Amino acid sequence: MMMASEDEVSLLVIVVDVNPIWWGQQANREPQFTLSKCLDAVMVMGNSHLVMTRTNKLAIIASHCQESHFLYPCKLWKFGDGHGDENASTSGDGKYELLSVANDFIAEEIKNLMSRTEVKGNQTDTLLAGSLAKALCYIHRVAKELEAGQEMKSRILVVKAAEDCALQYMNFMNVIFAAQKQACDITGGLYLKIPQKIALAQYLLWVFLPDSDQRSQLVLPPPVHVDYRAACFCHRNLIEIGYVCSVCLSIFCNFSPICTTCETAFKIPLPQVVKSKKKKLKPST
Amino acid sequence: VALTAAKGVLRVQLQCKNLHEYLKELSPEILDRLYNHPATCLAVYRELPPLAKNYVMRMLFLDQPLPQAAVALWVKKDSEKDHDQCVSVLSGLRLWHSQQLQGGLQGNILNPVFKDNLRIALLGGGKSWADQGDSLGPDRHARDVESLDKYALERWEVVLHFMVGCPSAAVSQDLSQLLIQAGLMRTEAGDAPCITSAGFQFLLLDTASQLWYFTLQYLNTAQTRGMDLVEILSFLFQLSFSTLGRDYSVEGMSESLLTFLQHLREFGLVFQRKRKSRRYYPTRLAITLSAGVSANSSSTAMGATPGTGDSGFIVVETNYRLYAYTNSELQIALVALFSECLYRFPNVVVAQVTRESVQQAIANGITAQQILHFLRTRAHPVMLKQNPVLPPTITDQIRLWELERDRLQFSEGEHKYGLYLQCIYSLCLSFILQGLGCLVWQNVAHRVIVVSPQGHGEVKRFWKRQKSHT
């Protein structure tokens, strides 16, 4: 088995749902698993990924209700390096320096993010589709800035807290189709609902750390039944049977003569007039 | 350096062990002591096959042994061979042990020293690797990354220049001694050292591989210098994980480690303003040392590290013309090892790869594979965009020229001719064929038999017996 070549870059982007309302409610439900515990597990996962190979890259995006913010890497750093301010003091312990700098930075950033955003309302959904779009743009940018002769594999890990929200359906589907064009390995994705949240780190390391090559070798949780129901474009309800515009493929729950997306006019189908057939009498012999 | 007598022609083949091969040769006690430092554990971990890395990660946070049968279930049916390979790699490096579980089953558990130190490297805790230099305050004479790169390149090129025989290159006694011990140069009674065939091959490697090979040689002589192998190896790994452009303090380093630091300064792996400076800067060469560790992995590895002068400058065309965009004497000398230089301009050298020049290089002990590796790792970025990097005509032809030399095989033999009578000839032949197995060649028409030197005595005795009978 060949060792991974040094000119293959593996980029992992982790999108974490940090909606403060959901996490606040969670703190009352299960005090032993809070947002900081979740982020600890995510950081262990990120550290493990960075340590695997010299050329591995990492990005972490926090998905908040009002913005998506990059927790790592920092915009100001020289691209791709984990080198921050050279005068930054390190942790003073045995942690690998690169990881120390990264972890400290992530902790600072999430603190700033949570303290500066004012939360209104009690929606528990976040801008997940927007964060995914940002992740895809970042991947695209890294791919363009590779050195000559380097190839890149990338994957996105989404750690989702709150339940799904059908309002974002269309945005989600757009993002996923964009990703499919960009990176064909999206069809090799894994979904896991974690029964014991406190063991998040173990699930992350066992199931999500291996990259696409190793996934073909390891035994991983089987695919779960996916709700493939589409949401109608007029009410955002999930429907099983509906009407599809033949021009732009938008889905509606009720027939309407004009498609609202592409403004094509459709004729109302009339019942067909059936001509009666004259039966030929067989000549009796 | 291994000497292989291939078909009667002595060819010195440069062989460089990778990290795992090197570690497997160390005694278990030294290995366990080595794993006592987080940097070593990280370096060893990075060299594992990808599947083994996942195994280690899964077991890193377990304090109980896992049944071997359970671990075998982690892989799918058609990856069982990979699983077995992982098991042998992990056991060979003493990264995990077998332990009996309650109930009699065999279990696997990670080497506790390795486990603790890898956890520390990943999560924190434990002792700091080295004093981070905070106590010294900011450096008034701070060096930036570019000047560090320039320094490293200069120092390493002095070593290479010395090997090629440039009179202006001067190195310390220690270093020239090391080169001789490594088999890269040889010296005859009092003369200045001159390069060997292995040295030629060494010159064509990429910088990271050269450094690693050199380091291995240095480590082999460490015991004789009175240095502690574990100490300097741990320090080397620590260097390879340090941050470029950051200074570190020499606080707390032992005497032998400080001597080692001076040697590293000479090779260009660290920069120190003065011998007695309290701080040092690792250069890019030290940090890419770990890249050379897997030097044997694949011949397509680019290996070109930016800033070390290895960034590509050679363009190879399908008409066997070679354009080297450099004015470094060393690089030009290297290109001239296997090609004929035609023109030289201020910024480019035009050369032609010919049958004579390649076979001349091969006569010096360089292999076609090494020439191609050299061309690939110094390929100009324009060349890197095409796939494959080198034109197939060129790679095939260079290999064919190498094989041409092997069309003839030389074996030593003793010539026996003048067997006047056909019956005596066939008698001799049947005797030899019966059991001696030393026949090298025979010609019925001229009644000539050639036997190997070992069989010569036997055949001679037989011949004398026959002569006395007839």
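Residues numbered from 1 in each chain as written. Chains lettered and ligands numbered in written order. Predicted model: local features only at pLDDT ≥ 70, side-chain atom pairs only at ≥ 80, totals over all residues. Heavy atoms only, no water.

Trainee: Hey, could you go over the sheet that holds strand β2 (residues 57-63) of chain A for me, with residue numbers and the actual values?
Mentor: All names here are of chain A. As summarised here, the arrangement of the 4 strands in space is β3-β2-β1-β4, forming an open sheet in which the pairing is mixed. In the strand order of this sheet, the two ends are held by β3 (68-72) and β4 (151-159), each with one partner. Neighbour to neighbour, the strand axes of the sheet diverge by 25 degrees on average, direction disregarded. Pairing of strand β1 (residues 8-17) with β2, which is carried by 7 bridges, proceeds in the parallel orientation. Across the sheet, V15 pairs through a bridge with I61, a residue of β2. The strands touched by helix α2 (residues 35-52) are β1, β2, β3 and β4; relative to β1, the strand with the most contacts, the crossing angle is about 175 degrees. (Pairing = 2+ DSSP bridges. Helix = DSSP H or I, 4+ residues; strand = E, 2+ residues; numbered from the N terminus. Axes fitted to C-alpha atoms, helices over the stretch in contact; angles between N-to-C directions. Contact = heavy atoms within 4.5 Å.)

Trainee: An account of the nonpolar core is requested, with residue identities and associated values reported.
Mentor: I14(A), Y55(B), L184(B) and F202(B) are the most contacted members of the largest nonpolar core, which totals 168 residues. When residues no more than four places from it in sequence are discounted, the contact partners of L184(B) are L14(B), M163(B), L179(B), I195(B), T196(B), A198(B), G199(B), F202(B) and Y213(B). With 14 residues, the next largest nonpolar core counts A135(A), Y138(A), V142(A) and A179(A) among its residues. (Core = buried A, V, L, I, M, F, W, Y, C linked by side-chain atoms within 4.5 Å. Buried < 20%, exposed > 50% of the residue type's maximum accessible area, 1.4 Å probe, protein only.)

Trainee: Help me get a handle on the packing of aromatic side chains, residues and values and all.
Mentor: Following the criterion strictly, the structure yields 22 aromatic pairs over all chains and no others. With a centroid separation of 6.0 Å and 50 degrees between ring planes, the pair formed by W23(A) and F33(A) is classed as tilted. Pair noted here: W23(A) is in helix α1 (residues 20-29) and F33(A) is in the loop between α1 and α2, with a separation of 10 residues, a long-range link. Assessed through its relative accessible area of 7%, W23(A) is described here as buried. Here F33(A) falls in the buried class, since its relative accessible area comes to 6%. Measuring from ring centre to ring centre gives 5.5 Å for Y35(B) and F114(B), while their planes differ by 70 degrees; the resulting arrangement is edge-to-face. Of the two residues, Y35(B) sits in the loop between α2 (28-34) and α3 (38-46) while F114(B) sits in helix α7 (residues 112-123), which places them 79 residues apart along the sequence. Judged by relative accessible area, which is 0%, F114(B) ranks as buried. Of the aromatic side chains, those joined through ring pairs into one cluster are W156(B), F202(B), Y213(B), F214(B), Y218(B), F235(B), Y248(B), F260(B), F267(B) and Y280(B). The aromatic ring of W22(A) is capped on one face by R29(A), whose charged end is 5.2 Å from the ring centroid. (Phe/Tyr/Trp six-rings, centres within 6.5 Å; stacked < 30°, edge-to-face > 60°. Lys NZ or Arg CZ within 6 Å of the ring centre and 35° of its normal.)

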